[in-house]
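Coordinate inspection notes
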Amino acid sequence: MQDQIILYNGPNSPFGRKTKITSLVQEIKLEEKIINVYEADFLDKHNPIRKIPTLVVNKLAIIDSDNICLYLDTISKKNTLFPKKKYWEIMSMTSIANGLMESVLERRMEMIRPDSEKSNNFINKQEVRITRTISWLENNWNNYNDSYLTMDQIAIACALDYTIYRFNDKWRTHNTKLNKWFSNFLEKDFMKSTLPREK
Ligand SMILES: N[C@@H](CCC(=O)N[C@@H](CS)C(=O)NCC(=O)O)C(=O)O
């Protein structure tokens, strides 16, 4: 019997976007359910952290976007997004992209708090981290290989696009190599079909 795979996702989660793109690229059929994670009590029985993305395979819950992407990659017959030769580089760069997503998300959550609860210090710390991380990627990451798709490329593109969506696109003028690669990467079908949307 075929596995039933359900991806609980949000309308604009960059972590969720990574997993959805992985399912598209690796041609894994799954049912995507777009939920409002802040009202998703039912998710607790699968994932007590109550975060999206969460993948449920029959009765097995796979938690955290990196584990989900690895799982989808493992059950696919397509070329791996995690080639052994560059495995640790890919994992570390993906973690840096995850950190960028996290900072943009944390900043956004702080911005929408009532003024009396908002910390400008915290917002500033996230903005400094966002700028520093993108400029680090400009200077240190150069996996612009268009002939072999890897997970770090997907994660970095999702993180940069989320930065534009929730913060701004100023990074594009100062980080020219990254921006050139990113502009081309955005043209891929899997990027176009997974654009963040409002709830
Ligand atoms: N490390 C997790 C992070 C996922 C995450 O932060 N998801 C956010 C949405 S983008 C979430 O579910 N937040 C709900 C909450 O914080 O209550 C992953 O990579 O999957």
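The structure displayed is predicted, hence computed values, not measured ones.

All right, on to the overall build of the protein then. A tally of helices and strands in the protein yields 8 helices and 4 strands. Secondary structure of the protein in N-to-C order comes out as β-α-β-β-β-α-α-α-α-α-α-α. By principal-axis analysis of the C-alpha atoms, the protein measures approximately 50 × 45 × 25 Å. Counting across all 199 residues of the protein, residues that qualify as buried make up 31%. Long-range pairs, those at least 24 residues apart, make up 70% of the contacts in the protein between residues at least 6 apart in sequence.

Bringing the nonpolar core into the picture now. Membership of the largest hydrophobic core comes to 36 residues, with the highest contact counts inside it found for Ala97, Met101, Ala155, Ile156 and Ala159. Of all elements in the fold, only strand 1 (5-9), helix 1 (14-25), strand 3 (54-57), helix 2 (65-74), helix 3 (87-111), helix 4 (120-140), helix 5 (151-166) and helix 7 (176-185) reach the threshold of two or more residues within this core. For this core, the element with the highest residue contribution is helix 5, accounting for 9 residues. Shared between two domains, this core holds at least three residues of each, these being domain 1 (5-74) and domain 2 (84-192). Discounting chain neighbours no more than four positions away, the residues touching Ile156 are Met93, Ala97, Leu137 and Trp141.

To continue, consider the site of the ligand. Around the ligand sit Gly10, Ser13, Phe15, Val37, Arg50, Lys51, Ile52, Pro53, Asp64, Ser65, Asn98 and Leu105, and that is every residue in its neighbourhood. The class makeup of the residues in the shell around the ligand is 5 nonpolar, 4 polar and 3 charged.

Cut-off values and rules
Residues numbered from 1 in each chain as written. Predicted model: local features only at pLDDT ≥ 70, side-chain atom pairs only at ≥ 80, totals over all residues. Helix = DSSP H or I, 4+ residues; strand = E, 2+ residues; numbered from the N terminus. Buried ≥ 20, exposed ≤ 12 C-beta atoms within 10 Å, placed from the backbone. Contact = placed C-beta atoms within 7 Å. Core = buried A, V, L, I, M, F, W, Y, C linked by C-beta atoms within 7 Å. Domains from an automatic or database assignment. Near = placed C-beta within 6 Å. Nonpolar A, V, L, I, M, F, W, Y, C, P; charged D, E, K, R; others polar.

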